[in-house]
Amino acid sequence: MGLYRSTTSCVDRGVDTPVSIETTGSGELGYFYFNGTSSGSTAQFATIGNGGTKQSIINWDFRASFIMPPSGTQRYIAESAGRTSLFITDDNRVRCEYVGATGNASLQTDPNFAPAGSYLHTRVVDFAGVATFFVNNGLIETGAAPSATQDRFTLIGKKSGTNGKNFLGRILSFETGNFATGTFLVDNRYTFNEGTGATFFNTGSNPDGDAVITNPTAAGGGWDY
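A few points on the structure. (Residues numbered from 1 in each chain as written. Predicted model: local features only at pLDDT ≥ 70, side-chain atom pairs only at ≥ 80, totals over all residues. Heavy atoms only, no water.)

**Things to note about the pattern of salt bridges**
(1) Moving on: If you walk through the whole model with that rule in mind, you get 10 salt bridges.
(2) Moving on: As a salt-bridge pair, Glu97 and Arg83 come within 3.8 Å of each other at their nearest N and O atoms. In this pair, Glu97 sits in strand S7 (residues 94-100) while Arg83 sits in the loop between strand S5 (75-80) and strand S6 (85-88), placing the two residues 14 residues apart along the sequence.
(3) Moving on: Look at Glu97 and you get buried, because its relative accessible area is 12%.
(4) Moving on: Here Glu175 makes a salt bridge to Arg189, at a shortest N to O gap of 2.6 Å. Of this pair, Glu175 sits in strand S14 (residues 168-178) while Arg189 sits in strand S15 (residues 185-191), and the two are 14 residues apart along the sequence.
(5) Moving on: Among the residues examined, Glu175 registers a relative accessible area of 14% and is labelled buried.
(6) Moving on: The exposure class assigned to Arg189 is partly exposed, which follows from its relative accessible area of 30%.
(7) Moving on: One continuous salt-bridge network, built from bridges that share partners, spans Asp61, Arg63 and Arg123. (Salt bridge = Lys/Arg side-chain N within 4 Å of Asp/Glu carboxyl O. Helix = DSSP H or I, 4+ residues; strand = E, 2+ residues; numbered from the N terminus. Buried < 20%, exposed > 50% of the residue type's maximum accessible area, 1.4 Å probe, protein only.)

**As for the pairing of strand S13 (residues 153-156)**
(1) Moving on: Here strand S2 (residues 45-48) runs beside S13; their pairing, made up of two bridges, is antiparallel. Bridging from a neighbouring strand, Thr47 pairs with Leu155 of S13.
(2) Moving on: Pairing between S5 and S13: three bridges, direction antiparallel. Residue pairing for S13: Ser80 is matched across the bridge by Phe153. (Pairing = 2+ DSSP bridges.)

In structure tokens, the structure reads:
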């Protein structure tokens, strides 16, 4: 799977280092590029169709693949109707906030974990009563015991009620599910390479709904090939 069509497009997007170039298949895959702005008519993010129902996730497990954006501000990958969120801190950490068994909780990578342009795959799972954070199948962080239930995600690429923290760059995939049987069962799977339109389609087995993009063709972002 190609992440960038060329070194030029990578540099043009303000990302330091290209990750790979699509060379197989019938053509180069594109992805949606979030422009990172939060100003009214140009803000780009997506709202999940049924996320507002606040259904609970039991033995929750969620995963995201993305390109690390430039440092300097928080960049939200996804946020729930409640406490749960996954985002990049202003000093290049990957941070997860969640509802703990006895109050709010969080866990994060070490400072300056990865430079802008790095490809990262993350997974956060409620495993045996401990929140466990996997990054690129190598780095492991553990956090305080989570609550058995977490609110459904409602936003992709934005923190609710806050300006200036929208995602900048590519989110390659976002999935939520549960680990109740010892196997990851996908409820929601959002992909960002459909290529056109105003929707990130949800192809999970028990989906909350598609995610509708706000300002999908705004300057500085949109479907990119």
